[in-house]
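Spelled out, the chains give:
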Amino acid sequence: MEDNHRTFSRRDLLAVSGLSAGVLAARPAAADVAPPSSPLVSPVSVAKVTGYDVDLVAQLNKMFDQIGGIGQLVRGKTVAMKVNLTGSSGTGRHVGLSAGQTSWVHPNVVGALTAIFARMGAKRIRILESTFRKHYGSPLEDTLLNDGWDVQAIKSAAPVVEFEDTNGLGQAKQYSVLKVKSRPYIFPAFSVNHSYEDCDFFVSVGKMKNHEELGVTLSMKNLFGITPELLYGLLPKPPGASQWIRERVFHYGQVAPPAGVPQEIDPKSNRYEGWRMPRLLTDLCGARPIDLSILDGIETLIGGEGTGMPGTKHGKPGLLVVGRNCVCTDAVAMAAMGYNPRAGRHEAPFRLYKSPKDHPPEQLIPPEEWHQYADNTVLMGEGAGLGTADLSKIEISGARIKDVFYDYEAHWKGQAPV
Amino acid sequence: MNCFVALALTFAVGPALCADPAGWIPARWEGGPLELSRRANDKTEDASVRTTIGRWYDPATLDLLEGTPINCLLVTFSAGAESEVERKQHQLVKEYARLAHKRGISVLGIVYGGDPQAIAAAALDAGLDGLAVQGGVPEKLEAALRANGSTALVIPIARDAAAARTSKARLLAVEGVRPSARNLADEGIRAGASDEPWIDSNIWLVRSFRLEAAWRPIWIDQRPNPTSEGDYVRCVADAALAGGRWIVALDDELRASLLRKDPHALAAWRTIGTYLKFAEDHGEWRGFAPYGNLGIILDTAGENPDISDEYLNLVARRQVPYRLVSRCDLSAASLASFRAVLVVDLASPTEAERSVLRGFAENGGLLMAGPWWGDGAAKNEPYAELPLGKGRVAIYKEDPPNPEGVARDLLDLLEPEVMGLSVFNVPTAISYASTSDSGKRVLVQLLNYAGRPIERVTLRFNGIFKVARFYTPESPPMDLAPRPAANGRTEVLIPKLAAWGAVLLEQPN
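Residues numbered from 1 in each chain as written. Chains lettered and ligands numbered in written order. Predicted model: local features only at pLDDT ≥ 70, side-chain atom pairs only at ≥ 80, totals over all residues.

Undergrad: Outline the overall build of chain A, supporting the account with residue identities and numerical values.
TA: Of regular secondary structure, chain A possesses 13 helices and 16 strands. Of all 418 residues assigned to chain A, the portion counted as buried reaches 56%. Residue pairs at least 24 apart in sequence account for 77% of intrachain contacts in chain A once pairs closer than 6 positions are excluded. (Helix = DSSP H or I, 4+ residues; strand = E, 2+ residues; numbered from the N terminus. Buried ≥ 20, exposed ≤ 12 C-beta atoms within 10 Å, placed from the backbone. Contact = placed C-beta atoms within 7 Å.)

Here it is as structure tokens:
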């Protein structure tokens, strides 16, 4: 099979051109682009952390100080944490490891954040994630028990701690419609669980991982989990469509969202997931701006977002990355993972191997081509005006990247025959 | 009684030979010239191992059994080899069996092949308590033994579990798998983001032989991986959890090390003994009845026995407690205590059977059926869920449906309260629930197939229980703190599960 990723094709040229155009177009033309809630350029703190048993409260407090403090933003407010629990059943594991050591954020990180926000005077702390379940209604706490979380300890870390499974309506009677406030690429708005609207300070607590289709998954990618499957999956599965409900609508655009839910701006746009998903994630970050990004790379999964991906390995990068702006934070995190945050298609980590067994044939472009690309989500975010991915403009505090970086790509090499 | 008289009586009688096969705790104890001959083509064995095997029937090896519950040895006896080798082996075994019997240990000869008449005569001469048949025709052996006036037991080690399931023998032996957990992704198999590790287990297999209420011994025959930490204790527990017994099988390196009195080997051997003793000390648990609100109709004469078995295996892996109903026992009465019934692979159901199943659903049960059910089969989805009377029926499209999919779907179709038992944080463990005293005592056993302990396992069970005690082979029993959970359930937290653990919940009297 031809290894196309090593050559620069016309398709790549067009892609880069498009990307540049996107960046230029993203310069706020003002009226139609509302400013994000966090500054476009914001400091990012990086720390080397030896394990989950260290004093994470002290560590995170120090990092918050390094990015200018968040106490004023949290005091008296409802703080919502969207935690990354990939797969969300709690059963996806590597033998002998907890999900918190691989594909999920670790409960000690979430517990420490809860305690910190409580001490800062948060009025209410809400922990959110959308879980895969046909019969919606089991409490999110049960999902967390599936990875051995001490839910009671987290609840007792603050006066008011609530958990909500945002895969459906939850406690509300209707979904909240969040309009994309940045320049929208694919969707002008999203319908989501009320929790993403009913909060004053929104925190994306992501895991520093590779991603099978997107190269990396960080704080921006974490927001894919705010889309409620029970709403977007209302329509029956058409023949040949993906078995995964949200993939039908979002990754591949095989199915339009149900009536009454915001539709795509251009239903005839590119259906390729490597093109769609980075743009969709940017739209989500524009719809529900992230006030604080926390990235858990203390222990993680290398080579994919979930333990089911072939060749994934457990790693101990020993990294924590914290920032107010999600684009800046993810860009710095990429650098700490050994990647160029300005990398383009077919550059690491955006050159990807996709088995034809697991992807619809139309996703292999050209046909039979397994070495695919994804666009760079942080550059899409930059293009949409959410922040900068230019490291030279970002103040990085704490540890120096060159001292702490962990070469994910070196480990990922085993993931695919590239 | 005068203590001297008591002592004299003890010596006169010696250790009691366990005559009842139900009490046999077996171990493969292969050795002698026939074993060497049988392995002649195995180039992997080094000289020291061959020496160990060749000399294994030295009386000193019987000393290894002291302090362990093992009381039944399976010795190499016949392989259809050269007559001189077979003769030497028979003489060696005869003397070894005599010494073993003095210690109260029963001896079974392993038969890999050979002439039934000659084997029967030799077994009789050697005073064997039975023959474990790994090859050949057990029926001919049994006939030859009886013709010689022997009452020795003949135990076929079945390769085909489905065929053995209908056996009325008082002791069954069946080949199992090596218990283990592994990552599918390590083998290049692409799974979903949250797919579980693959577990090879024999718990379902032991359970599948419990179609009748009375307990009978089920022996599981498989060889552990000597390089995998904790494999031996998992083998013991994996067979014992549902009331079976592993035919203890030590790898040759360990046997050689034991004879050298290597401390690591002796420690491993002691741990095996601890697990075996734990199983026997809690023999009462074998009398507990399997728990489950899901009934699985087992067609012992089904067309796809491997797939039928896979339902049992994978449903157990998803921690869904179930009880088995033999197809021949299918009736409204036999389904009365269930809330859901899985009957996806029933071959050519009769009208009477359909009527029973329809009645079950109409009265409020969930019926999971194959496309044989007829109307309403799914088109695009794996199954269609339709109301039927007060209940519902899930009709699968595929015939037979994919066992992995069916097992996964159960978690969607059954509410936690219907399943009765919910177990959290057990990706590499399998649970087995059983009850006694009309449900006043509930036993939830778990086995962790990973080499590392699992921290913080949570159990929830239907009903209110005031006492919860945690049993493990490694430590004394520990009281847990049961607490009420939603919907009339009780929750307990197990702080750490190393390998085998059992929670006994008790209701107040």
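Resuming the write-up.
Undergrad: Quick rundown of the overall build of chain B? Include the residues and the values.
TA: Tallying secondary structure elements over chain B gives 16 helices and 26 strands in all. Once the C-alpha set of chain B is aligned to its principal axes, its extents read approximately 70 × 55 × 50 Å. In chain B, buried positions account for 49% of the 509 residues. Counting contacts in chain B only where the partners sit at least 6 residues apart, residues at least 24 apart contribute 72% of the total.

Undergrad: Tell me about unusual backbone geometry, residues and numbers included.
TA: Residue A:P349 follows A:A348 across a cis peptide bond; omega there is 0°. Note on placement: A:P349 falls in the loop between α10 (326-336) and β14 (351-353). The step from B:D399 to B:P400 runs through a cis peptide bond, and the omega angle for that step is -5°. Turning to its location among the elements, B:P400 is positioned in the loop between β17 (391-396) and α15 (403-413). With a phi close to 45°, B:S348 is a non-glycine residue in the positive phi region.

Undergrad: Mind laying out the domain arrangement of chain B, listing which residues take part and the relevant values?
TA: Much of the literature gives interface size as the accessible area that the parts lose upon coming together. All names here are of chain B. As far as domains go, chain B holds domain 1 (3-287), domain 2 (293-418) and domain 3 (420-506). Here domain 1 and domain 3 have C-alpha centroids that lie 31 Å from each other. Listed as interface residues are 21 residues of domain 1 and, on the opposing side, 14 residues of domain 3. Secondary-structure elements contributing two or more residues to the side of domain 1 that touches domain 3 are β7 (180-182), α9 (231-240) and α11 (263-281). Here the side of domain 1 that touches domain 3 gets four residues from one element, more than from any other, and that element is α9. (Domains from an automatic or database assignment.)

Undergrad: Which residues make up the nonpolar core, and what are the values?
TA: A:V332 and B:V236 are the most contacted members of the largest nonpolar core, which has 260 residues in total. Excluding residues within four positions of it along the chain, B:V236 makes contact with B:W246, B:I272, B:Y275, B:L276 and B:A279. (Core = buried A, V, L, I, M, F, W, Y, C linked by C-beta atoms within 7 Å.)

Undergrad: Please give an account of the packing of helix α3 (residues 47-54) of chain B against helix α10 (residues 252-259) of chain B that cites residues and values.
TA: Residue and element names in this part refer to chain B. Following both chains from N to C, one finds α3 and α10 inclined at 75°, their axes separated by 9 Å at the closest point. Judged on the interaxial angle alone, α10 and α3 are roughly perpendicular. When α3 is examined against α10, the residues S48, V49, T52 and I53 are found in contact with a partner set consisting of D252, E253, R255, A256 and L259. Of the residues assigned to the contact of α3 with α10, the class counts are four nonpolar, two polar and three charged. (Axes fitted to C-alpha atoms, helices over the stretch in contact; angles between N-to-C directions. Parallel < 35°, antiparallel > 145°, perpendicular 65-115°, else oblique. Nonpolar A, V, L, I, M, F, W, Y, C, P; charged D, E, K, R; others polar.)

Undergrad: Residues and numbers for helix α9 (residues 273-287) of chain A, please.
TA: Between the first and last C-alpha of α9(A) there are 20 Å, a value that for 15 residues agrees with the 21 Å anticipated at 1.5 Å per step. Judged by how many residues are buried, α9(A) sits mostly within the fold: 15 of 15 residues are covered. (Expected span 1.5 Å × (residues − 1).)

Undergrad: I'd like to hear about the sheet that holds strand β4 (residues 130-133) of chain B, residue by residue, with values.
TA: Residue and element names in this part refer to chain B. With parallel pairing, eight strands are arranged side by side in an open sheet as β1-β2-β3-β4-β5-β6-β9-β10. Unpaired on one side and paired on the other, β1 (26-28) and β10 (245-246) mark the two borders of the sheet. Sheet analysis places β1 next to strand β2 (residues 72-79), joined by three bridges and oriented parallel. Along β2, the bridge assignment pairs R28 with L74. (Pairing = 2+ DSSP bridges.)

Undergrad: Kindly report on helix α4 (residues 107-119) of chain A, identifying the contributing residues and their values.
TA: All names here are of chain A. Taking 1.5 Å as the rise per residue, α4 with 13 residues should run 18 Å; its terminal C-alpha atoms sit 18 Å apart, in good agreement. Counting buried positions along α4 gives 11 out of 13 residues, so the element sits mostly inside the fold. Listed as buried for α4 are P107, N108, V109, V110, G111, A112, L113, T114, A115, I116 and F117. Two residues or fewer after α4 comes G121, characterised by a positive phi angle close to 95°.

Undergrad: Now, about the confidence of the model for chain B: what can you tell me, with residues and values included?
TA: In the predicted model, chain B carries a mean pLDDT of 91, and the fraction of residues at 70 or more is 93%. We note a pTM of 0.89 for the whole complex and an ipTM of 0.86 for its interfaces. (pLDDT = per-residue confidence, 0-100.)

Undergrad: Which residues make up the sheet that holds strand β13 (residues 322-326) of chain B, and what values do they have?
TA: Residue and element names in this part refer to chain B. Across the sheet, which stays open at both edges, the six strands sit in the order β13-β12-β14-β15-β17-β16 with mixed pairing between neighbours. In this open sheet, the two strands that pair with only one neighbour each are β13 and β16 (383-388). For this sheet the average axis-to-axis angle between neighbouring strands, irrespective of direction, equals 20°. With four bridges joining them, strand β15 (residues 366-369) and β17 adopt parallel strand pairing. What sits directly across from A369, in β17, is I395. Of the strands in this sheet, β12 (294-298), β13 and β14 (340-343) touch helix α12 (residues 305-317), which is tilted by about 160° from β12. Along the sheet, helix α14 (residues 351-362) contacts β14, β15, β16 and β17; its crossing angle with β17, the most-contacted strand, is approximately 130°.

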